Amino acid sequence: MITAAGLTKRYGAKTAVDDISFIVQPGRVTGFLGPNGAGKSTTMRLIVGLDRPTSGRVTVNGRAFAEHRAPLHEVGALLDAKAVHTGRTAENHLLAMAATHGIGRQRVREVIELTGLESVARKRVGGFSLGMGQRLGIAVALLGDPATLILDEPVNGLDPEGVLWVRRLVRHLASEGRTVFLSSHLMSEMALTADHLVVLGRGRIITDAPVADVIAGGTRSSVLVRSPHASRLAEVLAGPDIAVMRSESGLLEVTGIEAAGIGDLAAAHGLAIHELTPQTASLEEAYMALTADDVEYRTEAVR
Amino acid sequence: MTAITPAPPQHATPARASRLSFTGVLRSEWIKLRSLRSTVWSYGIVIAISLGMALIMSLSMVNGMNGGADAASAPADQQARFVVESSVFGVYFGQLVAAVLGVLVISGEYSTGMIRSTFTAVPKRVPALAAKTVVLFLATYLVGLVATVGAFFLSSAMFAAIGVTASLAAPGVFLPLLGGALYLALIAVFSLGVGAMLRSSAGGIAAVLGLILLVPTVLQMIPADWAHDVIPYLLPSAGMGMFTTTTAVATADEFGVWLNLLIVLGWVGAAMAGAAVLVRRRDA
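Reading the values: rules and limits
Residues numbered from 1 in each chain as written. Chains lettered and ligands numbered in written order. Predicted model: local features only at pLDDT ≥ 70, side-chain atom pairs only at ≥ 80, totals over all residues. Heavy atoms only, no water. Helix = DSSP H or I, 4+ residues; strand = E, 2+ residues; numbered from the N terminus. Rg over C-alpha atoms; globule rule 2.2 N^0.38 Å. Buried < 20%, exposed > 50% of the residue type's maximum accessible area, 1.4 Å probe, protein only. Contact = heavy atoms within 4.5 Å. Pairing = 2+ DSSP bridges. Core = buried A, V, L, I, M, F, W, Y, C linked by side-chain atoms within 4.5 Å. Axes fitted to C-alpha atoms, helices over the stretch in contact; angles between N-to-C directions. Parallel < 35°, antiparallel > 145°, perpendicular 65-115°, else oblique. Left-handed = near helix turned anticlockwise from the far one by under 90°. Nonpolar A, V, L, I, M, F, W, Y, C, P; charged D, E, K, R; others polar. Polar contact = N/O pair within 3.5 Å; in protein donor to acceptor, adjacent residues only side chain to side chain. Phe/Tyr/Trp six-rings, centres within 6.5 Å; stacked < 30°, edge-to-face > 60°. Lys NZ or Arg CZ within 6 Å of the ring centre and 35° of its normal. Buried area = accessible area lost by both parts, 1.4 Å probe. Salt bridge = Lys/Arg side-chain N within 4 Å of Asp/Glu carboxyl O. Patch = residues over 30% accessible without salt bridge, like charges linked within 9 Å, V, L, I, M, F, W, Y side chains within 5 Å. Areas by Shrake-Rupley, 256 points an atom, 1.4 Å probe, with all protein chains shown as cover. Domains from an automatic or database assignment.

(A) Spatial organisation of the overall build of chain A. Regarding its fold elements, chain A presents 11 helices and 13 strands. Since a compact globule built from 303 residues should have a radius of gyration of about 19 Å, the 24 Å found for chain A marks it as more spread out than a globular shape. Its C-alpha atoms give chain A principal-axis dimensions of roughly 75 × 45 × 35 Å. Across the 303 residues that make up chain A, the buried fraction comes to 52%. Summarising the internal contacts of chain A: among those between residues at least 6 apart in sequence, 68% fall at separations of at least 24.

Listed below in structure tokens is the structure:
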């Protein structure tokens, strides 16, 4: 479990993280979303103590990360796939990291196999592709068999097969009761992977809710109606909570009433309908709506 | 949905029984030091320079002694001094390589981002710096010993041609050889401290090489007594004094071995203290 309370980080005049509080629960995958520069990476660096908070506090299982007797068993972190000396082989990097905690060669071999790095383990990291670098970063994160995983953009640079592998891996880790905190800019990926979302915009938390709630609450859902009697149907549908938009002739976008209700009304008035399609908002749209609001609010505040 | 997806993780090894310890961090730093090519190259060059310089120096000294009838009949400690002088000559040049290696050991971690992995595994940071220091010191000291003792045997072989001999068992012989190796190890540690403070390979190397090569020359050229008085307290001057001075204790003319060692330790201590404070305080 990760607990942040009033966490703030300023770099000079710039506030990267602005008084945020959240809890990442074990046993589920928590997605950490936000546009570039929103403060996601900074927050993750604060959790593992690479940066010192300006104010506030963040703990992992009740203690500051640095206070744990075996930090690598508490938290496995992939913060930056390039956090490896380019002149060292992947295997030696893992062996050096493992040695600090007395983790044996056997476990190093396991994580190499697990991440599919067998063929390149003896090669220097400088020649690695982005995807291989990510796999090595994930191997390091898994090294200590940690109770909490913090992964910053883990699918960045991975091929489709790698993306699928990461998705299965994090779901499996969460199902074992571990805490999984995962950042990504791929909203569609989050919809498939995460159970819970923390959305960050300009250093502040915009939403902290289950994925389903974010999709449902983020934007209104609408129904697309195609009818030869579009004008007549629009009049029939008109009501206080119902909005009807005409995009092209014969096509209506209706909000505020279910598809079934529209069909019933049309039948009662003897109006033919050629298409009736419920439009569910994607997480991506919900996310855009959320962050757009934040940006608008900010612009007004500056003015 | 391809079939090439690895199986879900298996936690076959009970890795959780282990925990962070200083011996573990020492082992980690040793793996890191020996798994980089720059280390192997640097140490190889230190030994090669030491042997090469000993060969050139001893050949030129033997030639200058014209058959060596005088030198061979000189007292034993005078003969030993010839051989030792030739044996430690390579340390003047080896110190530059040791200094560059010392900077790279830490600045390489900052430039590649490795430092973030290091500090995630050892979040209190200072133990990682301390382990790095211990490992670098011991490795450089051992390499320095191979370099100076190897140079001694090479020089002895050259001087044997004109009948000049020296015994490794004589304090006047083995103490300078140990001192030369110790200086190489200490300048590497000093440079590690500078590298940790500056966090840049180019900046760190410029700083330590400037201190070793430039500062003494500049002070020499300043026509003032104070400038000349400062020179013996500089790191390279005191360092050389650790193995070229003939007296152990300070005299009116020179500091002697122990005082020179003390001055060098002061420089090293200051650099490491600064490094420890900054490494703890700064964001990584």
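(B) Examining the pairing of strand 12 (residues 251–255) of chain A more closely. Residues and elements named next belong to chain A. Of all five residues in strand 12, four are buried; the element is thus mostly enclosed. For strand 11 (residues 243–248) and strand 12, the ladder comprises five bridges, and the chain directions are antiparallel. Its bridge partner lying in strand 12, Ala243 is registered against Thr255. With antiparallel pairing between neighbouring strands as the criterion, strand 11 and strand 12 make up a hairpin whose turn holds two residues, including Gly250 at a positive phi of roughly 85 degrees.

(C) The nonpolar core, seen in detail. Counting 148 residues, the largest nonpolar core has A:Leu94, A:Ile150, A:Phe181 and B:Phe159 as the members making the most contacts within it. In terms of residues, this core owes the most to one element, helix 8 (residues 171–198) of chain B, which gives 12 residues. In this view, B:Phe159 contacts B:Ser58, B:Met61, B:Val62, B:Met65, B:Phe82, B:Val83, B:Ser86 and B:Val164; residues no more than four positions away in its chain are not counted. Among the nonpolar cores identified, the runner-up in size contains 13 residues, and A:Val225, A:Leu233, A:Ile262 and A:Ala266 belong to it.

(D) Looking closely at the packing of helix 5 (residues 91–112) of chain B against helix 9 (residues 201–221) of chain B. Residues and elements named next belong to chain B. Helix 9 packs onto helix 5 with a crossing angle of 160 degrees between their chain directions and a minimal axis gap of 8 Å. On the basis of their axis angle, the class for helix 5 and helix 9 is roughly antiparallel. The two elements helix 5 and helix 9 cross, and the hand of that crossing is right-handed. In this structure, helix 5 contributes Gln95, Leu96, Ala99, Val100, Val103, Leu104, Ser107, Gly108 and Ser111 to the contact, and helix 9 contributes Ser201, Gly204, Ile205, Val208, Leu209, Ile212 and Leu213. Taken together, the residues of the contact of helix 5 with helix 9 sort by class into 10 nonpolar, six polar and no charged.

(E) A look at the side chain of A:Glu189. All names here are of chain A. Along the chain, Glu189 falls in helix 7 (residues 187–193). Engagement of the side chain of Glu189 in a polar contact is seen with the side chain of Arg167, the distance being 3.1 Å. Beyond its immediate sequence surroundings of up to four residues, Glu189 is in contact with Val155, Val163 and Arg167.

(F) Inspection of the packing of aromatic side chains at higher detail. Residue and element names in this part refer to chain A. According to the stated counting rule, one finds 10 aromatic pairs over all chains in the structure shown. Geometrically, the ring pair formed by Phe22 and Phe32 is tilted, given 6.1 Å between the ring centres and 40 degrees between the ring planes. Residue Phe22 is located in strand 2 (residues 14–24), and its partner Phe32 is located in strand 3 (residues 29–33); the two are separated by 10 residues in the primary sequence. Judged by its relative accessible area of 0%, Phe32 falls in the buried class. Here the aromatic cluster, defined as three or more aromatic residues joined through ring pairs, consists of Phe22, Phe32 and Phe181. Above the ring of Trp165, the side-chain terminus of Arg135 is found at 5.2 Å from the ring centroid.

(G) Representation of the interface of chain B and chain A in the model. Residue-level contacts link 45 residues of chain B with 54 residues of chain A. Both faces considered, chain B and chain A share a buried interface measuring about 4,300 Å² in area, 55% of it formed by carbon and sulfur atoms. Scanning the region where chain B abuts chain A turns up two salt bridges. B:Lys124 is paired through a salt bridge with A:Glu67; the nearest N and O atoms lie 3.6 Å apart. For the side of chain B that touches chain A, the secondary-structure elements that each account for two or more residues are helix 1 (22–34), helix 5, helix 6 (114–121) and helix 12 (256–281) of chain B. Looking at the side of chain B that touches chain A residue by residue, the class counts come to 18 nonpolar, 15 polar and 12 charged.

(H) Quick look at unusual backbone geometry. Phi is positive for A:Asp145, which is not a glycine, with a value near 50 degrees. Relative to the helices and strands, A:Asp145 is located in the loop between helix 5 (130–142) and strand 6 (148–152).

(I) Representation of the sheet that holds strand 3 of chain A. Residue and element names in this part refer to chain A. The strand order 5-6-7-3-8-9 describes an open sheet built from six strands, whose pairing is mixed. Each end of this open sheet is capped by a strand with a single partner; those strands are strand 5 (75–78) and strand 9 (204–210). Each adjacent strand pair in this sheet contributes to an overall mean axis angle of 15 degrees, direction not counted. Of the pairings in the sheet, the one linking strand 5 to strand 6 comprises four bridges and is parallel in character. Bridged to Val75 within strand 6 is Thr148. In this fold helix 5 packs onto strand 5 and strand 6, with an angle of close to 170 degrees to the strand it touches most, strand 5.

(J) A look at the environment of B:Thr247. All names here are of chain B. The residue Thr247 is located in the loop between helix 11 (235–244) and helix 12 in this model. Judged by its relative accessible area of 24%, Thr247 falls in the partly exposed class. A sequence separation of 135 residues divides Thr247 from Thr112, and the C-alpha atoms of the two residues are 46 Å apart. Setting aside its immediate chain neighbours within four residues, Thr247 contacts Glu254, Gly256 and Val257.

(K) Here's a closer look at a nonpolar patch on the surface. Residues and elements named next belong to chain B. Taken together, the side chains of Phe153, Leu168, Phe174, Leu175 and Leu178 present a nonpolar region at the surface, about 420 Å² in accessible area. A total of three residues in the nonpolar patch trace back to one element, the largest contributor, which is helix 8. By the secondary structure assignment, Phe153 is in helix 7 (residues 126–160).

(L) Broad picture of the pairing of strand 10 (residues 222–226) of chain A. Residues and elements named next belong to chain A. Taken across its five residues, strand 10 has four buried, putting it largely inside the fold. Examined bridge by bridge, strand 10 and strand 12 share five bridges and lie antiparallel to one another. Looking at the pairing, Arg226 lines up with Leu251 of strand 12. Where strand 10 meets strand 13 (residues 275–279), five bridges bridge the pair, whose relative direction is antiparallel. Looking across to strand 13, one finds that Val223 is bridged to Pro278.

(M) Region of interest: the domain arrangement of chain A. Partitioning chain A into structural domains gives domain 1 (2–209) and domain 2 (220–279). Centre-to-centre separation of domain 1 of chain A and domain 2 of chain A, based on C-alpha positions: 47 Å.

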